[in-house]
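Listed here are the chains, written in short residue letters.
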Amino acid sequence: MTASNMILKLDSEIDYNVSSVRADFPALSLEINGYPLAFLDSGASAQKPIQVLDRMDRAYRSEYANVHRGAYTLSQLATDNYENARITVANFLNAKTPDEIIFTRNVTAAINLVAYSYGRTFLRAGDEIIISHMEHHANIVPWQLLRDAIGIEIKVVPIDDRGNFLMEEFEKLLGSKTKLVAVTQVSNVLGTILPIKEIVRQAHNIGAHVLIDGCQGIVHESVDVQDLDAEFYAFTGHKLYGPSGIGVLWGKLDLLNEMPPYEGGGDMIENVTFEKTTYREAPARFEAGTPPIVEAVGLATAIDYVTSIGLEKIANHESKLLTYATNELAQIDGLRIIGQADHKAPIISFVLDGVHPHDIGTIIDSKGVAVRAGHHCAQPLMDRYELAATARASLAMYNNTDDIDQLVDALNYVKEIFS
Ligand SMILES: *Cc1c(COP(=O)(O)O)cnc(C)c1O
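Residues numbered from 1 in each chain as written. Predicted model: local features only at pLDDT ≥ 70, side-chain atom pairs only at ≥ 80, totals over all residues. Heavy atoms only, no water.

Enquirer: Got a sec to walk through the side chain of Ser75? Specific residues and values, please.
Expert: Relative to the helices and strands, Ser75 is located in helix 4 (residues 73-93). A relative accessible area of 0% means that Ser75 is categorised as buried. In terms of polar contacts, Ser75 uses its side chain to reach the backbone carbonyl oxygen of Asn66, at 2.8 Å. (Helix = DSSP H or I, 4+ residues; strand = E, 2+ residues; numbered from the N terminus. Buried < 20%, exposed > 50% of the residue type's maximum accessible area, 1.4 Å probe, protein only. Polar contact = N/O pair within 3.5 Å; in protein donor to acceptor, adjacent residues only side chain to side chain.)

As structure tokens, then:
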């Protein structure tokens, strides 16, 4: 153990007990190919704590019925659980009212909702949307579909080689045609933390609206949507230690109520006749059909879990671990880290001389290490670095220095094989 490693371990123990956090996550005691699992792919989806699993189990076993319709006890209980989950999310984001919280399938569905409903109502041919060069496909393709449908234009804010968002270039793109700025809070590939507050300020200066893709941001820092003041903020549940099948779209209430429904069906209507149907206000307007009832309960439990431990403590732990991992990886000959922005979340993309990232992923899996290899749903960003793929280690609240050491050992094994 190096001296710096020892200090890190001592430090973290004082205010953050990573061992007790790990004990809450059953998957972390798995053995994979004869090795303890080193799970370093939480940026794709995080493992779930026992608190979430137990709560969802109970919701299915003894509190389950469809919501919003039944007059009987169980349906009332399920409805209360579902609506209380909305309140939990609203408090977590500091939304003005739970009515601003729309439950969706994931962030992809949330952004598509905005692109379709807001996009086709408020945007016209020739209007411009600004995105960044490091967007996930989920924050590119919905705007391209809108472009093909109504003839808007998409402008892209460039980044520098280290992966920094170029504020001056962004300001140059802003103009009278800009109607919406849609950017990620944190790059899922480079780990870059974008200056979203400043982006909102600049966009508002010229009267444009802002959507923030918060998937990778909300898991590493607390978010206050009133302080941020964007028009839309969206995230996905499964990266925040909650279940898959649920995402959140937060929007300013007045704006949501000016937007037409995106999907039609049960629950979103006020009154239906064959001639004319009227719609409910947000959030019901955007939640057609049976919602993800138990998933909402699971997400709320995940939020309670991270808030009980403390987002700041989690961020502090992760940031120390990022420094540790970056230093350790930098010592591997021929390894290059892609993404060295000034402000970084604990995501490390890398390439290794002479080894395809997919081979890295497969070989280190044989040593129990789980990382992602591929284009990470960000092909334009890969093109920017003239890479087809990278390997990516993404850290979460439950990772420790042992996980990093196991990764480094496994990468040295890869190098032996290819030498
Ligand atoms: C994961 C991710 C998405 C997509 O999330 P889904 O749950 O697949 O909808 C979008 N944007 C970013 C930044 C992501 O990290």
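Enquirer: Explain the packing of aromatic side chains to me, using residue names and the numbers behind them.
Expert: Under the definition given, this model contains eleven aromatic pairs. Summarising the aromatic geometry, the rings of Tyr116 and Tyr262 are spaced 5.4 Å apart at their centres and angled 50° between planes, so their arrangement reads as tilted. With Tyr116 in helix 5 (residues 107-122) and Tyr262 in the loop between helix 10 (253-258) and strand 11 (269-272), this pair connects stretches of sequence that are 146 residues apart. One Lys or Arg, Lys367, reaches over the ring of Tyr413 and ends 4.1 Å from the middle of that ring. Of note, Arg384 hangs over the ring of Tyr385, and the distance from its end group to the ring centre comes to 5.4 Å. (Phe/Tyr/Trp six-rings, centres within 6.5 Å; stacked < 30°, edge-to-face > 60°. Lys NZ or Arg CZ within 6 Å of the ring centre and 35° of its normal.)

Enquirer: Tell me about the domain arrangement of the protein chain, and name the residues and values.
Expert: Domain parsing of the protein chain yields domain 1 (3-32 + 310-418) and domain 2 (53-308). For domain 1 and domain 2, the distance between their C-alpha centroids amounts to 28 Å. Counting residues at the interface gives 35 residues for domain 1 and 33 residues for domain 2. For the domain 1 and domain 2 pair, buried surface summed over both sides reaches about 2800 Å², with 58% attributable to carbon and sulfur atoms. The largest share of the area that domain 1 buries against domain 2 comes from Leu311, Leu381 and Arg384, three residues that together contribute 23% of it. Here domain 1 is connected to domain 2 by two salt bridges. (Domains from an automatic or database assignment. Contact = heavy atoms within 4.5 Å. Buried area = accessible area lost by both parts, 1.4 Å probe. Salt bridge = Lys/Arg side-chain N within 4 Å of Asp/Glu carboxyl O.)

Enquirer: So what about the sheet that holds strand 6 (residues 153-157)? Which residues, and what values?
Expert: With mixed pairing, the seven strands of this open sheet are ordered in space as 4-10-9-8-7-5-6. Edge positions in the sheet fall to strand 4 (101-104) and strand 6, since each has one partner strand and no second. Averaged over all pairs of adjacent strands, the angle between their axes in this sheet comes to 20°, without regard to strand direction. As paired strands, strand 7 (residues 178-184) and strand 8 (residues 209-213) are joined by five bridges and run parallel to one another. Within the sheet, the bridge partner assigned to Ala182 lies in strand 8 and is Leu211. (Pairing = 2+ DSSP bridges. Axes fitted to C-alpha atoms, helices over the stretch in contact; angles between N-to-C directions.)

Enquirer: Would you mind going over the sheet that holds strand 13 (residues 335-338) in detail, with residue names and values included?
Expert: The pairing of strands in a sheet comes from backbone hydrogen bonds and takes either a parallel or an antiparallel form. In space, the four strands of this open sheet follow the order 13-14-17-16, with antiparallel pairing throughout. Either end of the sheet is taken by a strand with one partner, and the two such strands are strand 13 and strand 16 (372-374). When strand polarity is set aside, the average angle formed by the axes of neighbouring strands in this sheet is 30°. Bridging between strand 13 and strand 14 (residues 347-352) involves four bridges; their strand directions are antiparallel. Paired with Ile337 across the bridge in strand 14 is Phe350.

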